[in-house]
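Take a look at the letters that make up each chain.
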Amino acid sequence: MGVTPGQPHDDSVLEAERIATKPPPMYRVLLLNDDYTPMDFVVAILQQVFAMTREKATHVMLQVHRSGRGTCGVYTREVADTKVAQVVELASTHQHPLQCTMEPE
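Since this is a predicted model, take the numbers as computed values, not measurements.

Calculation rules
- Residues numbered from 1 in each chain as written.
- Predicted model: local features only at pLDDT ≥ 70, side-chain atom pairs only at ≥ 80, totals over all residues.
- Heavy atoms only, no water.
- Axes fitted to C-alpha atoms, helices over the stretch in contact; angles between N-to-C directions.
- Helix = DSSP H or I, 4+ residues; strand = E, 2+ residues; numbered from the N terminus.
- Parallel < 35°, antiparallel > 145°, perpendicular 65-115°, else oblique.
- Left-handed = near helix turned anticlockwise from the far one by under 90°.
- Contact = heavy atoms within 4.5 Å.
- Buried < 20%, exposed > 50% of the residue type's maximum accessible area, 1.4 Å probe, protein only.

> Help me understand the packing of helix α1 (residues 39-50) against helix α3 (residues 77-93) in this model?
When two helices pack together, you describe them by how their axes are tilted relative to each other and by the distance separating the axes. Contact geometry for α1 and α3: axes closest at 11 Å, N-to-C directions at 140°. Relative to α3, the element α1 is oriented oblique. In the crossing of α1 with α3, the sense of the turn from one axis to the other is right-handed. Facing F41, I45, Q48, V49 and F50 of α1, the residues of α3 in contact are K83, Q86, V87, L90 and A91.

Structure follows, in structure tokens:
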């Protein structure tokens with residue numbers, strides 16, 4: 001590459017400034033137990049919304065049933081918000097009182 005007449009010649013190389021970034025905060029999505037929502041419905045929700053296998057969904061459903069709440073997954077805030085809204089909407093559509101919430105990890 002030649003030097004154009006009238007322009008200064010500079011052999012230095014510019015380096016991109018590195019900006020330290022940290023990962024986004026994560027949120028735990030939880031299902032809350034109630035005495036009315038059928039266990040089969042909870043398993044179906046876990047499979048549909050959280051892409052769990054039937055075995056994993058059954059395990060989480062039993063955790064919810066026995067301890068009052070169960071972890072469905074850990075996601076960024078936007079994804080967690082979406083999943084909570086999906087669960088609440090599906091439960092409402094099927095007239096079940098199933099509640100879903102999220103908390104910071």
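> Explain unusual backbone geometry to me, please; I cannot follow it from the model alone.
Negative phi characterises most residues that are not glycine, and trans characterises most peptide bonds. Even without a glycine there, the phi angle at A51 is positive, about 55°. Tracing the sequence through the fold places A51 in the loop between α1 and α2 (54-67). Phi angles above zero are rare outside glycine, and Q95 is one such case at about 60°. With respect to the secondary-structure elements, Q95 resides in the loop between α3 and β3 (99-104). Here Q95 falls in the exposed class, since its relative accessible area comes to 73%.

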